[in-house]
Amino acid sequence: MGLSIPDDFNDDETLARIHSRLEHLAHIYASGKPLFPRGLLADLDAQIDQGNEEVHINDLDDVRHTYSLKVPAWCSDFATTYRIGYSSIQNLTCIHPSFPEISLRDTSPISICYTSSADYPKAPLPEAQRAFEIAKRKWDESETCATLKAHLLELERKMAKPVRKIVAFGLGTMTGLDDEYHSARSHAQHSAVRTMAEVLGSLAKRRPQQTSPGGGIKCYAQDPAYTDVDDEILRSLDITLLDDPKGFLEIDDETLVFSVSPNVPVKQVVADVCWPAAMIWNTVMPEEKENVRWEKQVRGGEEFWVVPFTTDPDSARVRRMVKEYMSVPLRDSNEYFGDLTIYVR
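Since this is a predicted model, take the numbers as computed values, not measurements.

## Focus on the overall build of the chain
- Helix and strand counts for the chain stand at 10 helices and 13 strands.
- The C-alpha atoms of the chain give a radius of gyration of 21 Å, which matches the 20 Å a tight globule of 345 residues would have.
- The C-alpha extent of the chain, read off along each of the three principal axes, is 65 × 45 × 45 Å.
- Expressed as a percentage of the 345 residues in the chain, the buried residues total 49%.
- Relative to all contacts within the chain whose residues are 6 or more apart in sequence, the contacts with residues 24 or more apart total 73%.
- Total accessible area on the chain is roughly 17400 Å²; 49% of this is exposed by carbon and sulfur atoms.
- The averaged location of the 54 negative side-chain charges in the chain is 8 Å from the averaged location of its 38 positive side-chain charges.

## Some details on the environment of Q50
- Relative to the elements of secondary structure, Q50 occurs in the loop between α2 (38–49) and β1 (54–58).
- A relative accessible area of 55% places Q50 in the exposed class.
- A distance of 3.2 Å separates polar atoms of two side chains, one belonging to Q50 and the other to N52.

## Notes on the side chain of R317
- Here R317 shows up in helix α10 (residues 316–322).
- Aside from chain neighbours lying at most four places away, what touches R317 is I28, Y29, G32, K33, P34, L35, A271 and D272.

## What about the packing of aromatic side chains?
- Using the criterion set out here, one finds eight aromatic pairs in the structure.
- Judged by centre distance (5.5 Å) and plane angle (65°), the ring pair of Y86 and F248 falls under edge-to-face. You can see Y86 sitting in strand β3 (residues 81–86) and its partner F248 sitting in helix α8 (residues 246–249), a full 162 residues away along the chain. No difference in accessibility class separates Y86 from F248, as the two residues are buried.

## Focus on the sheet that holds strand β7 (residues 239–241)
- On the basis of which strands lie adjacent, the open sheet formed by seven strands has the order β7-β6-β5-β8-β9-β13-β12 and mixed pairing. Only two strands of the sheet have a single partner each, and these edge strands are β7 and β12 (326–330). Ignoring strand direction, the axes of neighbouring strands in this sheet form an average angle of 20°.
- Relative to strand β13 (residues 340–344), strand β9 (residues 278–282) runs antiparallel, the two being bridged by five bridges. Bridging across to β13, M279 finds its partner in Y343.

Procedures and definitions
Here the residue index of a chain counts from 1 through its sequence in written order. The predicted nature of this model means local features are confined to residues of pLDDT at least 70 and side-chain atom pairs, given and counted, to a pLDDT of 80 or more, with totals for whole chains, interfaces and linings taken over all residues. To obtain the side-chain values, all non-hydrogen atoms of the structure were included, while hydrogens and water were left out. Strands are runs of DSSP state E lasting at least two residues, helices are runs of H or I lasting at least four, and both sets are numbered from the N terminus onward. To get the radius of gyration, use the C-alpha atoms; to get the globule rule, take the number of residues to the power 0.38 and multiply by 2.2 Å. Note on exposure labels: buried denotes an accessible area under 20% of the residue type's maximum, exposed denotes more than 50%, and partly exposed covers the range between, all computed with a 1.4 Å probe on protein chains only. Whether two residues are in contact is decided by their heavy atoms, any of which lying within 4.5 Å being enough. Here the Shrake-Rupley method, with its probe set to 1.4 Å, supplies the accessible areas, and only the displayed protein chains count as covering residues. Note on charges: Lys and Arg go in the positive column, Asp and Glu in the negative column, and His and the chain ends are not counted at all. Note that the charge is assigned to NZ on lysines, CZ on arginines, CG on aspartates and CD on glutamates. Any pair of N or O atoms that falls within 3.5 Å is considered a polar contact. Within protein, one atom must be able to donate a hydrogen and the other to accept it, and sequence-neighbouring residues count only if both atoms are side-chain atoms. Two aromatic rings from Phe, Tyr or Trp, using only the six-membered ring of Trp, form a pair when their centres are within 6.5 Å; if the ring planes differ by under 30 degrees the pair is stacked, by over 60 it is edge-to-face, and anything between is tilted. Note: two strands are recorded as paired if DSSP finds a minimum of 2 bridges between them. For helices, the fitted line uses only the C-alpha atoms of the stretch in contact; every axis is such a line through C-alpha atoms, and the angle between N-to-C directions lies from 0 to 180 degrees.

Structure (structure tokens):
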């Protein structure tokens, strides 16, 4: 729980309220109450599917809050759509040094927030498809791909349950071809989903009792950055696009969750929603290596604070979960993923 208040902050009443709130959150978290209950996500999903203009979401104290699914007037000058907001335990408890009083606002783990759609050049389908096919051939011939296959072949034999589906989060759009770095990573990550499905599917065929009804490994992907062009490419790969929060609701104990540096706390959501058969995601670090202090930096003569955690941070619950899994680091010599680890039960 991070409380870092500047020395010149002298509002004792506000400071007392902040301390009280942090103690309350710490008590709730220690009790084991989920930040991201599966039932709450299912209820929110149903409300969205009903086409309601408003949705109702309970906070950690079971107080019901109402949110508009239409962009409110107060933010219409910069926002064009809504998103489901997921606040990690760090977001809820790590207080901004310059604006500590913000922490006293409504900060439910699950909420509705407003944002603008990504504004960048999007390649048309024929161009995006050609770029993906070229990138997929490179992926298939890469050392990282060979390493992933070898690990899956070895670890699958030790798994308590077979993988019947793959759910991927935050793999990014495949249409932003002007950004070569992120485009290459997105193409490789989507290609990796097919590689996982092919390897695990071929293993399942050798074990008829483990084969999914209808055969094959079902694949799903969730990312708000996806476009209609992405949907077409995903269909060609036999990957089903899911709107938030359907990806989280698709997870069961026979799922492989694949996630690469997402902009939401996927690890913490998964730890609350359902422990899957396997995860391939950013390596979970021990608590002693976790940064909990804001860092002040200067750029262009201006001071600013750097947040001490990522958008997909680890937590005590995540660390407790992965202790129940075998793990092996995924050596990524081609720099498609960064620091990932494969976890299997």
